[in-house]
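A look at the structure
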Amino acid sequence: MNWIFSKKIGVIIGVFFFASIIFSDSSVFAAKVGERLDKPEPGWTRYDDRSPELIYGNDMVKIEDAEDYNKTALGAAHNKPSTINFKFDGTKIRLIINMSDSYTKKIGISIDGKVEYFSAYRESWSHQRLAYEKVGLERGIHNVKIWTEVPSSNYVVYDYRFDAIDVDSDGKLTDYNGSEINLSAEAGNSQVTLKWEQTKDAESYTVKYGTESGKYTESATATKDAYGNFVIPGLTNGTKYYFVVSAKVNGVDSEYSNEASATPQGGGSQPDPEPTTGDRAILVVTMTTGLEKEFDLSMKEVNDFISWYESKQAGSGSASYAINKHDNNKGPFSSRKDYMLFDRILTFEVSEYSK
């Protein structure tokens, strides 16, 4: 009798333990499209329809309703080209809307240009319904547009009501008009090669860098065509450098990219530079036209020029290099630079001296 009782207790405990495992696994009971979702589930974070990162057309009407998330929603005006645009950084997204039997069955959404559709139709009215979900996106910034594809067949004030957006708990909505530049850095011998995506209509790029995260003491200008392989020469091997880049579009600098870092290391096919005997030098560059250009520079500036020249000779780096004219700056200018084109240089000479 005691054995039978113990066995029953063991079965009950086993069933309870198994059930507790199932209920503790949020993925088993994750919300499904069409269900009500008053708050974001674990692994998600929610943004309200009034988030400043959202760009919506004038036909989206602001609504206040106690049943909506944060008591607000956006109504897509009936039979008008209502649109919502935004960008988010993450791998997944959910759209929370109100559903009704008078709302449209076809709303368009494009993520990075790939178009899909979802519905706002439900047999009875309900707030905060999960209407659309997309997971498994590549980590990064995604461009989203939502619009009314087919207006409601019934005459209503709104074709649907938009309430909130859920994205990764470690993701976020981003500035729609902000920078999308994704910067990477690769270490070399006394140099770092930077790469980023081309920004549409960019006139040039500005790279800032330094040896402390978030503190950039040096800068360099890259041409609009240098985004794929831009070399920062003359760096100290064994020192970690931090880089950011911005694009100039219509004369305005964009927000800076993510911060990338790299630590140059010695070795490779390039020989280590010979030790310098002075702290300054006269750099004489002879052009293919026979013209000689003379510059009085610090040895750091000379070494930066040599590193750029050798990198370009090896097939990487920008096509031009800017040399500061310093004391040769004549006129009412804050600075003057001489841009040297690699394929116009015949030879150069360095004459070191000490002050």
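The shown structure was predicted, so the numbers you read here are calculated from the model rather than taken from an experiment.

Considering the sheet that holds strand β14 (residues 192-195)
- A sheet is described by the order of its strands in space; here three strands give the open sequence β13-β14-β17, paired in antiparallel fashion. Two strands close off the open sheet at either side, each with one partner strand: β13 (184-187) and β17 (230-232). Adjacent strand axes in the sheet meet at a mean angle of 30°, parallel and antiparallel pairs treated alike.
- Where β14 and β17 come together, three bridges link them in antiparallel fashion. Across the sheet, the residue bridging to Thr-193 is Val-231, located in β17.

Here we look at the nonpolar core
- Counting residues in hydrophobic clusters, the biggest one holds 28 residues, and the most contacted among them are Phe-86, Ile-93, Ile-146, Tyr-160 and Phe-162.
- Of all the elements in the fold, those that place two or more residues in this core are β4 (72-77), β5 (83-90), β6 (93-99), β7 (106-111), β9 (126-134), β10 (140-150) and β11 (158-168).
- By size, the runner-up hydrophobic cluster in this structure holds 20 residues, among which are Leu-194, Ala-222, Phe-230 and Tyr-241.

A closer look at the pattern of salt bridges
- Counted according to the given criterion, the structure contains 13 salt bridges.
- Salt-bridge contacts for Glu-116 lead to Lys-134; the nearest nitrogen and oxygen are separated by 3.3 Å. One end of the pair, Glu-116, is in strand β8 (residues 114-118); the other, Lys-134, is in strand β9, and 18 residues separate them in sequence.
- We classify Glu-116 as partly exposed; its relative accessible area is 29%.
- Linking Asp-304 and Lys-300 is a salt bridge whose minimum nitrogen-to-oxygen distance equals 3.0 Å. On the criterion of helical spacing, the pair formed by Asp-304 and Lys-300 is a turn pair, its members being four residues apart in helix α2 (residues 299-313).
- For Asp-304, a relative accessible area of 10% gives the class buried.
- Taken together, the shared-partner salt bridges connect Arg-36, Asp-38 and Glu-67 into one network.

Concerning the packing of aromatic side chains
- Within the structure shown, the criterion is met by 14 aromatic pairs.
- Ring geometry for Trp-196 and Phe-230: centres 6.2 Å apart, planes at 65°, overall edge-to-face. Here Trp-196 is found in the loop between β14 and β15 (202-210), whereas its partner Phe-230 is found in strand β17, with 34 residues between them in sequence.
- Taking relative accessible area as the criterion, Trp-196 reaches 5% and is therefore assigned buried.
- Judged by centre distance (5.7 Å) and plane angle (40°), the ring pair of Phe-305 and Trp-308 falls under tilted. Highlighted residues: Phe-305 and Trp-308, both in helix α2, separated by three residues, approximately one helical turn.

Focus on the confidence of the model for the protein chain
- Residues at a pLDDT of 70 or more form 84% of the protein chain, whose mean pLDDT is 81.
- The spread of mean pLDDT over the elements of the protein chain runs between helix α1 (residues 2-24), the lowest at 48, and β6, the highest at 96.
- Contacts of residues 15-28 to residues separated by more than four positions or lying in other chains number three contacts, the stretch itself having pLDDT below 50.
- Here residues 268-276 is modelled with pLDDT under 50, and outside its nearest four sequence neighbours on either side it reaches six contacts, counting other chains as well.

Points about α2
- Compared with an ideal rise of 1.5 Å per residue, which puts 15 residues at 21 Å, α2 spans 21 Å between its outermost C-alpha atoms and is within 8% of the ideal.
- Packing partners of the buried residues in α2 comprise β17, β21 (280-287), β22 (292-298), β23 (320-324), β24 (337-341) and β25 (345-353).

Criteria and thresholds
As a convention, each chain's residues are numbered from 1 in the sequence order in which they are written. Given that this is a predicted model, residues contribute local features only at a pLDDT of at least 70 and side-chain atom pairs are listed and counted only at 80 or more, while totals for whole chains, interfaces and linings are drawn from all residues. Excluding hydrogens and water, the side-chain values take into account all heavy atoms of the structure. When DSSP finds two or more bridges between a pair of strands, those strands are recorded as paired. A run of H or I in DSSP counts as a helix once it spans at least four residues, and a run of E counts as a strand once it spans at least two, with each numbered from the N terminus. Only the stretch in contact is used when fitting a helix axis, every axis being a line fitted to C-alpha atoms; angles between N-to-C directions are given from 0 to 180 degrees. Throughout this description, the term nonpolar core refers to a set of buried Ala, Val, Leu, Ile, Met, Phe, Trp, Tyr and Cys residues connected via side-chain atoms within 4.5 Å. Exposure is judged per residue with a 1.4 Å probe applied to protein chains only, and the accessible area is read against the type maximum: over 50% gives exposed, under 20% gives buried, and values in between give partly exposed. Note on definitions: salt bridges are taken to be side-chain nitrogens of Lys or Arg within 4 Å of carboxyl oxygens of Asp or Glu. Between rings of Phe, Tyr and Trp, where Trp is taken as its six-membered ring, a pair exists when centres lie within 6.5 Å; planes separated by under 30 degrees are stacked, by over 60 edge-to-face, and by other angles tilted. Confidence scores per residue from the predictor, reported as pLDDT, run from 0 to 100. Contacts are assigned to residue pairs with any non-hydrogen atoms lying within 4.5 Å of each other. One less than the residue count of a helix, multiplied by 1.5 Å, gives the span that helix is expected to have.

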